Amino acid sequence: MNILLIGSGGREHAIANALAKSPRLTRLFIAPGNPGTAEAGDNVDLDAADHGAVAAFCKEWGVALVVVGPEQPLIGGLVDYLEARDILAFGPSRAAAQLEGSKGFTKDLCRAHKIPTAAYGRFDNESAALAYLRKKGAPIVVKADGLASGKGVVVATTLIEAERAVEAMFAGAFGRSGAEVVIEEFLEGEEASLFALCDGARALGFSTAQDHKRAFEGDAGPNTGGMGAYSPACVVTPEIERQVMGEIIMPTLAAMREMGAPYRGVLYAGLMLTKDGPKLIEYNCRFGDPEAQVILPRLDDDLLELMLAAARGELPQRPVRFSKRAALTVVLAAKNYPATPLVGTRIGGLDHAQAIPDVIVTHAGTRVEGGRLLAAGGRVLNVTALADSVTKAQELAYKGVDAIQWPGGFCRRDIGWREVAREQASRPGSLVGGAGIPR
Ligand code: AMP
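A quick note: this is a predicted structure, and the numbers were derived from the prediction, not measured.

*Asks:* What exactly am I supposed to notice about the environment of Ala327 here?
*Replies:* Among the secondary structure elements, Ala327 is positioned in strand β17 (residues 326–334). Residue classification places Ala327 among the buried positions, given a relative accessible area of 0%. In the structure, Ala327 is positioned 66 residues away from Ala393 in sequence and 6.1 Å away in space, judged by C-alpha atoms. When residues no more than four places from it in sequence are discounted, the contact partners of Ala327 are Ala229, Tyr230, Ser231, Val294, Arg298, Thr384, Ala385 and Leu386.

Below is the structure:
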């Protein structure tokens, strides 16, 4: 069977690697792909925003399933367009993708269906938003309603900071995404992500992960697309996972069906584990990047089969199988990322890293020129390692990182630190008590 995968990041390289393992795959096309995906299939020069061109390609090559990696084409209605032309696609429709595309939509849905989330207000004018802020006080969270590449959220510790954020959003700092603002109660706890594979009616747990959004060690510096991740996130105990599936994911699926927008695809729940139980921070309508790079190498099932089943509304009545091993990914970013990443620098040593057993290198922002591998974006490479514990996966991943020669790049050296600290504290004979572990 021929498959077309849309996207060009590390996430898509990880999806391509997983799809390539399926015995049902004949040809895998990736549009536009990157130098890494070119090793798992054939990159094709197709613009995902040109829906007509994507559909024509699918007809020409007999594509049985289109897998959409990033959020923009989903929110842009690519799946609707393809399905109207009898082309099967994995990913939500434009209406269902509102769960990511509009924070206000998701908050209203949570309120109507009693899904645990932070208390909030929605505003389309500045003075009402400022009045609400003054009534609630700090800490408080200000969010642009629409997509803002992860930059439209300000966790304000003071009222002045919150007021500035509201003023900037209404002044057009995020364009149309900031024409409406959501103001939320500040939630305290540890963050984790849970993924679910959905077929419109049913959802299957698709493991958990924890990412690292800040650019520098110790969770300092500016927010980024993600500097690393590990899976599973053991802080999401089986009990919490059941709670999230029952109180958050399933009611969301039922609500989306009820409104005539059944959700198919990956539903990614960003959670805050508060003392009152797990609460939804946000939904994403696709795999995370770099979360896909830690979840998919642990998958002991056929991804192609599962995606086909989800797209057809026929997910199996059994849990998805995952390896018990831990995976940890370190993101290698170009110097000066996220502000002004230095591109065009030369990268070497990938073969050495890849030769280490249980180390996988995925490409994100790379390009090949004259036979040389060059940095071509902010986040450039991901080094993933699989091992029996997060501590060992961390050690191995950094061994992979150290085999790569790239003076133009940098990475965090503490990916997985929360779980490493927990694993060390729970070792027999440890002098560190669990209560002293930073969260
Ligand atoms: P979002 O784009 O909604 O996921 O928000 C980005 C980040 O802001 C989250 O990963 C959290 O770290 C933080 N955040 C968002 N909403 C809240 C909240 N209500 N309370 C505390 N932190 C939050």
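*Asks:* Looking at this model, I keep getting lost on helix α6 (residues 103–112). Mind explaining?
*Replies:* Spacing of three or four residues puts side chains on the same side of an α-helix, whose turn is 3.6 residues. In terms of burial, α6 is a largely internal element, seven of the ten residues being buried. Lys103, Gly104, Phe105, Thr106, Lys107, Leu109 and Cys110 are the residues of α6 that are buried. Immediately beyond the C-terminal end of α6, within one or two residues, lies Lys114, with a positive phi of roughly 55°.

*Asks:* Whenever I open this one, the packing of aromatic side chains confuses me. Can you help?
*Replies:* The geometry of two aromatic rings is summed up by the distance between their centres and the angle between their planes. Going through the model one piece at a time under the given rule, you end up with nine aromatic pairs. Between Phe206 and Phe287, the aromatic rings sit 5.7 Å apart at their centres with planes inclined by 50°, giving tilted as the arrangement. Highlighted residues: Phe206 in strand β11 (residues 203–211) and Phe287 in the loop between β16 (277–284) and α10 (291–295), separated in sequence by 81 residues. Accessibility expressed as a relative area gives 1% for Phe206, which makes it buried. Phe287 gets classed as buried once you look at its relative accessible area, which sits at 3%. Through a chain of ring-to-ring contacts, the aromatic side chains of Phe195, Phe206, Tyr268, Phe287 and Phe322 assemble into a single cluster. Lying over the aromatic face of Tyr81, Arg85 brings its terminal NZ or CZ to 3.6 Å of the ring centre.

*Asks:* I'm lost on the pairing of β16 in this one. Help?
*Replies:* Looking along a regular strand, one sees side chains alternate from face to face of the sheet. Most of β16 sits inside the fold, with six of its eight residues counted as buried. Relative to β16, strand β15 (residues 264–274) runs antiparallel, the two being bridged by seven bridges. Opposite Met272, over in β16, you have Lys279 as the bridge partner. The turn linking β15 back onto β16 is made up of two residues.

What counts, and at which threshold
- Numbering of residues starts from 1 in each chain and follows the order in which that chain's sequence is written.
- For a predicted model such as this one, the threshold for reporting local features is a pLDDT of at least 70, and the threshold for listing and counting side-chain atom pairs is 80 or more; totals across whole chains, interfaces and linings nevertheless cover every residue.
- By convention in this description, side-chain values take in all heavy atoms of the structure and omit both hydrogens and water.
- Starting at the N terminus, helices and strands are each numbered in turn, a helix being any DSSP run of H or I of at least four residues and a strand any DSSP run of E of at least two.
- Exposure classes here rest on a 1.4 Å probe applied to the protein chains alone. A residue is buried below 20% of its type maximum, exposed above 50%, and partly exposed in between.
- Working rule for contacts: check all heavy atoms of both residues, and any pair within 4.5 Å makes them a contact.
- Whether two aromatic rings pair depends on their centres lying within 6.5 Å, for rings of Phe, Tyr and Trp, where Trp uses its six-membered ring; planes under 30 degrees apart make the pair stacked, over 60 edge-to-face, and the rest tilted.
- The rule for a charge over a ring is simple: NZ of Lys or CZ of Arg within 6 Å of the ring centre, and within 35 degrees of the ring normal.
- Pairing between two strands is assigned when DSSP locates at least 2 bridges connecting them.

Everything listed here is a matter of coordinates, which is why it stays silent on function.
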